[in-house]
Amino acid sequence: MRAEHINITVPIGLKARIDEESRREHIGRSTLIQKAVSFYLEIIKKKRLKNLLAEGYLEMAGESLKITKEFEDIDNEAMKYVD
């Protein structure tokens, strides 16, 4: 994997937590930050997809309701012949 060096600034307390966790996990600070950012970006991606799906479902629900109402009279007529 090709990597590029970047500089970031973090609060002292966060740096201490990063250092503590990287020691606990036996990985470098950069590796920990890479994993954390990747994890965060996946969460954001899934959240956006979930929101898009919810919008789509709402739109489809409206369409389904419209179709149901269009056939309501026919359905009621047909139900007269059901035991």
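This one's a predicted model, so the numbers in the text were calculated from it and none came from an experiment.

Reading guide: rules and limits
Residues numbered from 1 in each chain as written. Predicted model: local features only at pLDDT ≥ 70, side-chain atom pairs only at ≥ 80, totals over all residues. Heavy atoms only, no water. Helix = DSSP H or I, 4+ residues; strand = E, 2+ residues; numbered from the N terminus. Buried < 20%, exposed > 50% of the residue type's maximum accessible area, 1.4 Å probe, protein only. Patch = residues over 30% accessible without salt bridge, like charges linked within 9 Å, V, L, I, M, F, W, Y side chains within 5 Å. Areas by Shrake-Rupley, 256 points an atom, 1.4 Å probe, with all protein chains shown as cover. Salt bridge = Lys/Arg side-chain N within 4 Å of Asp/Glu carboxyl O. Lys, Arg positive; Asp, Glu negative; His and termini not counted. Charge placed at Lys NZ, Arg CZ, Asp CG, Glu CD.

Chemist: I'm lost on the environment of Glu4 in this one. Help?
Modeler: Here Glu4 lies in the segment before α1 (12-25). Judged by relative accessible area, Glu4 falls into the exposed class, the value being 68%. For Glu4 and Ser30, which are 26 residues apart along the polypeptide, the C-alpha to C-alpha distance reads 11 Å.

Chemist: Even after reading the chapter, I still don't get a negative patch on the surface, so can you show me in this structure?
Modeler: A contiguous patch of negative charge, built from Glu55, Glu59, Glu63 and Glu70, is present on the exposed surface. Take Glu55: it is sitting in helix α2 (residues 29-70). A relative accessible area of 52% places Glu55 in the exposed class.

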